[in-house]
Amino acid sequence: MNRILGLLGLGTLGAGLLIGASPAHGAAPVLLSQNKPATASSEGGSGYAAKYAVDGDTSTRWASVRDSDPQWIYVDLGATAQVSEVKLGWDLSCATAYRVQTSGDHATWTDVYSTTSGDGGTDDLTGLTASGRYVRVYGTSRCRNTSGYGYSLQELQVYGTTGGDTQAPTTPGNVHSTAVTSDSITLAWDAATDDVGVAAYDIYNDGNKISEAAGTATSKTITGLTPKTQYRLTVFARDAAGNVSPSSASVTVTTTATSDTQPPTAPANLRSTAVTSGSVSLAWDASTDDVGVTGYDVYSGGTAIVTGVKTTSTTISGLAANTSYTFTVKAKDAGNNVSDASNAVTVKTESSSGGGVPSSITTVSSGWTIPWGMSWLPDGSALITERDSFKVFKLTQSGTKTQVGTVPNAVTTDGEGGLLGIAVSPNWSSDHYVYIMHTASEGNRIVRMTYDGSSLSGYKILVQGIKKNRYHNGGRLKFGPDGYLYATTGEAQTPDLAQDKTSLNGKILRMTTDGTAAPGNPFGTLVYSYGHRNPQGITWDPQGRLWEAEFGNSKYDEVNLIEPGKNYGWPTCEGSCSTSGMTNPKVQWPVANASPSDITYADGALYVAALKGQRLWRVPVSGTTTGTPAAYYVNTYGRLRTVETVPGKNALWLSTTNCDNNGNQSDGSDKVFRIDLK
């Protein structure tokens, strides 16, 4: 039967029940639960998923498994709400005894209503004064208590108001340096404003947070910096609710030299002390300095590959088997004065029994400016995006490069945003669709365009609501072996978004070709996994397992094995940790050695393109276990962005990103290479 259960003035109806009068004033209650993530103790099949109880359609329903008590379902409202009404639309399989509960963390629950005389129909529970982000219906006794029945809700509707602060502060203005020393920079800015109040200012060097200031401050001295070093600094305002402003303008500041201008003496007697198929151990005689040596850097090919060694020996791991390397060592002091190089030593690593390793590299095409996304067409050519020009090109196996269009509505963030990933439809021969992720005026978008073999046309927005910022925009798009489209999103320099399952940021998304949540997604939304900082690479192995490459902040970059619904830790964890509920990476590197963008699988291994690390990592894979990573082309071709397996070939394509702010090369300096594996 249909019942309206007014609870005004009823007070406490049982132990733990918190029911009283409705608020006499404030915002009018609104429906908060529709299409929000829902979770249930069980589901009676794919057609009876929890999400169907909050879809606003009474022809669908959630149903539990049969013959089991208790059973429950809860909805995540996305933020703490003042709940004033819960409306339950029961199927015939209703509950005679159930409780309505709220929680702030879906772990500790508070009863706000209970009954032992439910008889189905619609229960409209009004006059509630409950508070919580999660609302649960907890059934303990079934109306149909004979064998073969469970619980079934056509609709779970929660009404109320949200008092949470969702408005971000304004952008800090006029960022400038007021003082610079050899190891510090004093930065100042005009105060941001916020509807509640600015709680803090976060200061970034490129995409990495290096300091913060109080919300009442408009200046900060950043200490512990390196002499004679360039820093590109931006400031973000943050409020107490975790809302983060857009990025300030970037200011470039170079620390000064110290009064010490005398470099250390060159290290002497550099020698190899041990060699394996993937590593070389080196030792040398100590340098001297008038003030003191602070560390040693090991060079190969003229670029430092290991920095800050405090002793006179080190082991360089992650090298390619059966490959010759030439090393030198330089000493540094506290003034960042660098010695002359030591003697050079050339060492050849031992052979490896493993196959499928890079054997040769050739240039397919040059003259690119920040190529980013890459996706294969049926004829073996590829569509490639340029991040900052917003252009899309077709590149054939023979190296013929043709512009096929420009993506409308794309904008830059003067950092890592712009025209990003591209994915050719698995059914391109019949539908001619290509899918594109790009930054737009309001945020990041996933769109669909038509490519007829010669030019791009049409433009349909599939997904919006992905926040953008100067950095941490993610952006990789790929179709999985299940035929669904996957996208990686960054947390837009707002770390809390990575843990917010109602946000599209800091996630891997999985969707149909029209941009809706794919069937079987763990939360009934686009979200497939969460707790990501800035993922830019995804790939699948032959068994259909999903692997991901992800940028860390200042400690560790990661390769993760992705499973639906799992939490990958950011910002609580960076690299492996012991926090309950967090999934650890399968591989992690210090950020100087990786900054991984794209990832692909070929011939028994994952290949990971590294930007800051300027190398291509090969990670052997056996089932869900990873072997020892080996590095190729270390500091040979600069910053490596995208790596993809050539269809039908034992080969890779690899692109550079040397024209960006960190590469500092002129436009047109980037290349696309082919790597043959043997």
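Here the structure is a predicted model, which means the values were calculated and not measured.

*Asks:* Tell me about the overall build of the protein chain, and please be specific about residues and values.
*Replies:* Secondary structure summary: the protein chain contains one helix and 48 strands in total. The globule rule puts the C-alpha radius of gyration for 678 residues at 26 Å, and the 28 Å found for the protein chain is close to it. Based on the C-alpha atoms only, the size of the protein chain along its principal axes is roughly 90 × 60 × 45 Å. Counting over 678 residues, the protein chain shows a buried share of 54%. Restricting to contacts in the protein chain with at least 6 residues of sequence separation, those with at least 24 account for 61%. By element, 47% of the accessible surface of the protein chain is carried by carbon and sulfur atoms, the whole surface being about 26300 Å². Looking at the protein chain, you have 50 positive and 58 negative side-chain charges, and the mean spots of the two groups are 4 Å apart.

*Asks:* Got a sec to walk through the packing of aromatic side chains? Specific residues and values, please.
*Replies:* The tally for this structure, following the rule as stated, stands at 21 aromatic pairs. For the ring pair W376 and W653, a centre distance of 4.8 Å and an interplane angle of 55° mean the geometry is tilted. Of the two residues, W376 sits in strand 25 (residues 371-376) while W653 sits in strand 47 (residues 651-656), which places them 277 residues apart along the sequence. The pair formed by W376 and W653 is uniform in burial state, with each residue classed as buried. Between Y433 and Y435, the aromatic rings sit 6.4 Å apart at their centres with planes inclined by 75°, giving edge-to-face as the arrangement. For Y435, a relative accessible area of 1% gives the class buried.

*Asks:* A description of the pattern of salt bridges should follow, citing residues and the corresponding values.
*Replies:* Tallied over the full model, the rule gives 23 salt bridges. K332 is the salt-bridge partner of D297, the closest N and O atoms lying 3.4 Å from each other. Remark: K332 occurs in strand 22 (residues 324-333) and D297 occurs in strand 19 (residues 293-300); sequence separation between them is 35 residues. Accessibility expressed as a relative area gives 4% for D297, which makes it buried. Taking the shortest distance from any N to any O, the salt bridge between R674 and D676 comes out at 2.9 Å. By relative accessible area, R674 is classed as partly exposed at 22%. For D676, a relative accessible area of 24% translates into the label partly exposed. Among the charged side chains, a salt-bridge network with shared partners connects D202, K209, E212 and R238.

*Asks:* Describe the nonpolar core, listing the residues and the values that go with them.
*Replies:* Counting residues in hydrophobic clusters, the biggest one holds 49 residues, and the most contacted among them are L282, F327 and L616. Ranked by residues supplied to this core, first place goes to strand 42 (residues 605-610) with six residues. One finds L77, L88, C94 and A95 within the second-largest nonpolar core, a separate group that totals 30 residues.

*Asks:* Go over the sheet that holds strand 25 with me, naming the residues and quoting the values.
*Replies:* Reading across from one edge, 25-26-27-28 is the order of the four strands in this open sheet, with antiparallel pairing throughout. The sheet is open, and its two borders are formed by strand 25 and strand 28 (401-406), each paired with just one other strand. Pairwise comparison of adjacent strand axes, ignoring direction, gives a mean angle of 25° for this sheet.

*Asks:* I'd like to hear about the state of the cysteines, residue by residue, with values.
*Replies:* Under the defined criterion, the tally for this structure stands at two disulfides. Disulfide pairing places C94 opposite C143 at an S-S distance of 2.0 Å. Residues C94 and C143 are joined through a disulfide that is left-handed, its torsion about the S-S bond being -110°. Of this pair, C94 sits in the loop between strand 5 (71-90) and strand 6 (95-103) while C143 sits in the loop between strand 8 (122-142) and strand 9 (152-162), placing them 49 residues apart in sequence. Here C573 pairs with C577 through a disulfide, and the sulfurs are 1.9 Å apart. Taking the torsion about the sulfur-sulfur bond, which here is approximately 65°, the covalent link between C573 and C577 counts as right-handed. Note on C573: relative accessible area 5%, which makes it buried. Residue C577 is classed as partly exposed on the basis of its relative accessible area, which comes to 22%.

*Asks:* Explain the pairing of strand 23 (residues 345-348) to me, and be specific about the residues and the numbers.
*Replies:* The two faces of the sheet receive side chains in turn, since in a regular strand these alternate between them. Alternating positions in strand 23 separate cleanly, V345 and V347 being buried on one face and T346 and K348 remaining unburied on the opposite face. Judged from the four bridges that link them, strand 22 and strand 23 form a sheet pairing that is antiparallel. Along strand 23, the bridge assignment pairs Y325 with V347.

*Asks:* Outline the pairing of strand 10 (residues 173-180), supporting the account with residue identities and numerical values.
*Replies:* Of the pairings in the sheet, the one linking strand 10 to strand 11 (residues 185-190) comprises five bridges and is antiparallel in character. In the strand pairing of strand 11, V180 is matched with I185. Linking strand 10 to strand 11, which pair antiparallel, is a turn of four residues.

*Asks:* Please set out the environment of L509 residue by residue, giving values where relevant.
*Replies:* For L509, the location among the structural elements is in strand 35 (residues 507-511). Distance in space between the C-alpha atoms of L509 and N567 is 13 Å, their sequence separation being 58 residues.

*Asks:* So, unusual backbone geometry: which residues are in play, and what are the values?
*Replies:* For the bond from D69 to P70, the omega torsion is -5°, close enough to zero to count as cis. Following the sequence through the fold, P70 ends up in the loop between strand 4 (62-63) and strand 5. Each neighbour pair has its own omega, and for W570 with P571 the value is 5°, a cis peptide bond. Considering the arrangement of structural elements, one finds P571 in the loop between strand 39 (556-562) and strand 40 (587-590). Notably, D206 is not glycine yet its phi reads approximately 50°, a positive angle. With respect to the helices and strands, D206 occurs in the loop between strand 12 (198-205) and strand 13 (208-214). Residue N664 is not a glycine yet carries a positive backbone phi of 60°. Structurally, the position occupied by N664 is in the loop between strand 47 and strand 48 (670-677). The exposure class of N664 is exposed, given its relative accessible area of 58%.

Scoring rules and cut-offs
All residue numbers refer to positions counted from 1 along the written sequence of the respective chain. Confidence filtering applies because this is a predicted model: local features only for residues at pLDDT of at least 70, side-chain atom pairs given and counted only at 80 or more, and all residues used for totals across whole chains, interfaces and linings. Working from all heavy atoms in the structure, the side-chain values ignore hydrogens and water. The numbering of helices and of strands both runs from the N terminus, where a helix is a DSSP run of H or I of at least 4 residues and a strand a run of E of at least 2. Computation of the radius of gyration draws on C-alpha atoms, with the globule rule given as 2.2 Å multiplied by the number of residues to the power 0.38. Any residue under 20% of the maximum accessible area for its type is buried, any over 50% is exposed, and the rest in between are partly exposed; the area is computed with a 1.4 Å probe on protein chains only. Note on contacts: a residue pair qualifies if any of its non-hydrogen atoms lie within 4.5 Å across the two residues. Under the convention used here, a 1.4 Å probe and the Shrake-Rupley method define accessible areas, while residue burial counts only the protein chains that appear. Within this scheme the basic residues Lys and Arg register as positive and the acidic residues Asp and Glu register as negative, but His and the chain ends are omitted. Throughout, a charge is located at the NZ atom of Lys, the CZ atom of Arg, the CG atom of Asp or the CD atom of Glu. Two rings from Phe, Tyr or Trp (for Trp, the six-membered ring) form a pair when their centres sit within 6.5 Å of each other. Planes less than 30 degrees apart are called stacked, planes more than 60 degrees apart edge-to-face, and all others tilted. For this document, the term salt bridge refers to a Lys or Arg side-chain nitrogen within 4 Å of an Asp or Glu carboxyl oxygen. Think of a nonpolar core as a cluster: buried Ala, Val, Leu, Ile, Met, Phe, Trp, Tyr and Cys residues, connected wherever their side-chain atoms sit within 4.5 Å. Think of it this way: DSSP has to see at least two bridges between two strands before they count as a pair. The convention used is that axes are lines fitted to C-alpha atoms, helices contributing only their stretch in contact, and that angles between N-to-C directions extend from 0 to 180 degrees. Any two cysteine sulfur atoms within 2.5 Å of one another count as a disulfide.

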